[in-house]
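# Structural overview for review
For reference, the chains in residue letters:
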Amino acid sequence: MAGWSPVRRTPKERPTAPLHGFKLAHPMVSADGSRAGFGGVTLGRANVYGVVADAECAQGGRHQSPSRWCDCGFYCVHTLDDARALACDPDYRYAVLLEVTASGRFMRYERGLRYAKQRVTLVRVGRCGCGHAATVFVETGAGSVGWRRVVAVCPACAGPRPGLPLAGFARLLGGVRVTQDDTAHPYDPVRPFDLSADSSATNPTPASASPPPSASTGAVPSQASAPALDRVAQDELVPVLTAEVALLQARLDEIQRQLVRLTDSRD
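Residues numbered from 1 in each chain as written. Predicted model: local features only at pLDDT ≥ 70, side-chain atom pairs only at ≥ 80, totals over all residues. Heavy atoms only, no water.

### Comments concerning the layout of surface pockets
Counted only if it meets this: Only protein atoms enter the calculation, which uses a 1 Å grid: trapped sets of points that fit a 1.4 Å probe without letting it out are cavities, open sets showing protein on both sides within 12 Å along at least five of seven lines are pockets, and any residue with an atom within 4 Å of a point is a lining residue. Grid points are joined across faces, edges and corners, and a volume is the space filled by probe spheres set on the points. Each helix is a run of H or I in the DSSP string that is no shorter than four residues. Each strand is a run of E no shorter than two, and both are numbered from the N terminus. Each residue is assigned to one class: nonpolar for Ala, Val, Leu, Ile, Met, Phe, Trp, Tyr, Cys and Pro, charged for Asp, Glu, Lys and Arg, and polar for all the others, Gly among them.
Approximately 660 Å³ is the volume attributed to the largest pocket. Lining the largest pocket we find 27 residues, and of these Lys23, Thr42, Gly73, Phe74 and Tyr75 sit closest to its centre. Secondary-structure elements contributing two or more residues to the lining of the largest pocket are strand 1 (19-30), strand 3 (48-49), strand 5 (74-77) and helix 1 (80-86). By residue class, the composition of the lining of the largest pocket is 16 nonpolar, five polar and six charged.

### What about the environment of Asp182?
Our working definition: In this scheme, a residue with accessible area under 20% of its type's maximum is buried, one over 50% is exposed, and one in between is partly exposed, where area comes from a 1.4 Å probe on protein chains only. We call two residues in contact whenever any of their non-hydrogen atoms come within 4.5 Å of each other.
If you trace the backbone, Asp182 turns up in the loop between strand 11 (177-180) and helix 4 (196-202). Taking the relative accessible area as the measure of exposure, Asp182 reaches 54% and is therefore exposed. Expressed as a C-alpha distance, the spacing of Asp182 and Arg127, which sit 55 residues apart in the sequence, is 9.7 Å. For Asp182, the contacting residues outside a window of four places in its chain are Arg84 and Arg124.

### Observations regarding the nonpolar core
Operational definition: Nonpolar cores were defined as sets of buried Ala, Val, Leu, Ile, Met, Phe, Trp, Tyr and Cys residues, with membership established by side-chain atoms within 4.5 Å.
In terms of nonpolar packing, the biggest core is built from 41 residues, with Phe38, Leu98, Val123, Phe169 and Leu173 touching the most fellow members. If sequence neighbours within four positions are ignored, Leu173 has contacts with Ala36, Gly37, Phe38, Val51, Val123 and Val178. Membership of the second largest hydrophobic core comes to nine residues, among which are Phe22, Leu24, Val77 and Leu97.

### Things to note about the confidence of the model for the chain
We apply this condition: Think of pLDDT as the predictor's per-residue confidence, scored from 0 to 100.
Here the chain averages 77 in pLDDT, while 69% of its residues score no lower than 70. This stretch, residues 205-226, has a pLDDT under 50; its non-local contacts, to residues over four places away or in other chains, come to six contacts.

Here you go:
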């Protein structure tokens, strides 16, 4: 036909080695406590997969996965930073971060891959909900048939609940390494709002200075000697108080855990 020219197809990739990526997943433990696995965070949340797994259509289709006409298949992103950014979403906050190798049938998209086969090579655990490093897995009360979903928390938030250490979860996975992510180090969310260090640095008090007037003298405390929270701007007070309440709750949980331990030792 005059004017007709053949359509040039994109060359098909044929990688010689597995492709690497990062993804989020919910940690799971089998009902009998003998195995560990992972649940999806979006379309595949009803399915649990192991360290080595083949993708299946979440809609029950019989086609190869992934398919151009379906959204099935495993997903991963190319970079660790992209995976950490996704973990900031409240829906994924308590997921763990997996390093995987992808193989078999695959398709590329803007930030990663959609693929057929995967092997989990490393599990990274983030912070506890209170902001401290998570070191133990506890049950969440959620799950699917035959599987219980767990979440990584710090010892204080775990309290008296039975927990599974990171090394124990690794053992149930068959030896895959489970480690704290680089972002899991403890931090104090109130510290950025605590101006006491800045004020002491800019206005150091001489060693020979006299103590502040006591309440019995009727003197009004100066702004420099007022508590740090009194110097926080009103529009910033809500997040500061929220962080304070979270820290108090964590301390109360730890006190309760120690009281239970003390009571059990006397029985």
